[in-house]
Amino acid sequence: MIIEELREPTTEEEAQELTNYILTASKLLGRYHAQKEIEFQKSVLKLPTFGERLRALRVHNRLTKAELARRCKISVKSINRYESGKNEPRYIHTLCAFAYWFNCKVDLLLGRDTEGLKR
């Protein structure tokens, strides 16, 4: 088998076999990462405050406060206030920017579980 020997495929059949292994591995890894992301988002949903959820998402996405502030076009001071619980975003575009950069729903940021609302 080509995988066991770690060599370049020499025949069309070996190349197809390698392609099938790569596609299968990619699908499995994609499912694994998607499942881990769902589990992480469920754990974030359980956090009691907006600031804790924001910080958890920022750390999970490996963003500094300065980088998140730059991407969302707000100040680092605002990020600090949000994460400390002193303020919450007043404008919907700020929430939408957070949701965009964290690839999540605004409901997750607000701590609203929408799973029970599905019909």
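It should be noted that the structure appears before, not after, this text.
Please read all numbers here as calculations on a predicted model, not as lab measurements.

With respect to the overall build of the chain
Now for step 1: A tally of regular secondary structure across the chain gives seven helices and zero strands.
Now for step 2: Its helices and strands taken in sequence order, the chain reads α-α-α-α-α-α-α from the N to the C terminus.
Now for step 3: Taken over 119 residues, the chain has a buried fraction of 24%.
Now for step 4: Within the chain, residue pairs in contact and separated by at least 24 positions form 43% of the contacts whose partners lie at least 6 positions apart.
Now for step 5: About 8900 Å² of surface is accessible on the chain, with carbon and sulfur atoms providing 54% of the total.

Regarding helix 5 (residues 76-84)
For an α-helix the count is 3.6 residues per turn, leaving residues at separations of three or four pointing the same way.
Now for step 1: Along helix 5, the residues that are buried comprise Ile79, Tyr82 and Glu83. Projected down its long axis, helix 5 shows its buried positions confined to an angular sector of 95°, all on one face.
Now for step 2: Residues of helix 5 that are buried make contact with helix 3 (50-60), helix 4 (65-72) and helix 6 (92-102).
Now for step 3: Gly85 sits one or two positions beyond helix 5 and adopts a positive phi of about 85°.

Some thoughts on unusual backbone geometry
Now for step 1: A positive phi angle, near 60°, is found at Lys73, a position not held by glycine.
Now for step 2: Note on placement: Lys73 falls in the loop between helix 4 and helix 5.
Now for step 3: The phi dihedral of Asn103 falls on the positive side, at around 55°, and the residue is not glycine.
Now for step 4: Looking at the secondary structure, you find Asn103 in the loop between helix 6 and helix 7 (106-110).
Now for step 5: Accessibility expressed as a relative area gives 66% for Asn103, which makes it exposed.

Re the environment of Ala69
Now for step 1: Within the secondary structure layout, Ala69 lies in helix 4.
Now for step 2: Each C-alpha atom of the pair Ala69 and Ile79 lies 6.7 Å from the other, and the pair is ten residues apart in sequence.
Now for step 3: Apart from the residues lying within four places of it in its own chain, the contact partners of Ala69 are Ile74, Ser75, Val76 and Ile79.

What counts as what
- Residues numbered from 1 in each chain as written.
- Predicted model: local features only at pLDDT ≥ 70, side-chain atom pairs only at ≥ 80, totals over all residues.
- Heavy atoms only, no water.
- Helix = DSSP H or I, 4+ residues; strand = E, 2+ residues; numbered from the N terminus.
- Buried < 20%, exposed > 50% of the residue type's maximum accessible area, 1.4 Å probe, protein only.
- Contact = heavy atoms within 4.5 Å.
- Areas by Shrake-Rupley, 256 points an atom, 1.4 Å probe, with all protein chains shown as cover.
- Arc of directions from axis to C-beta.

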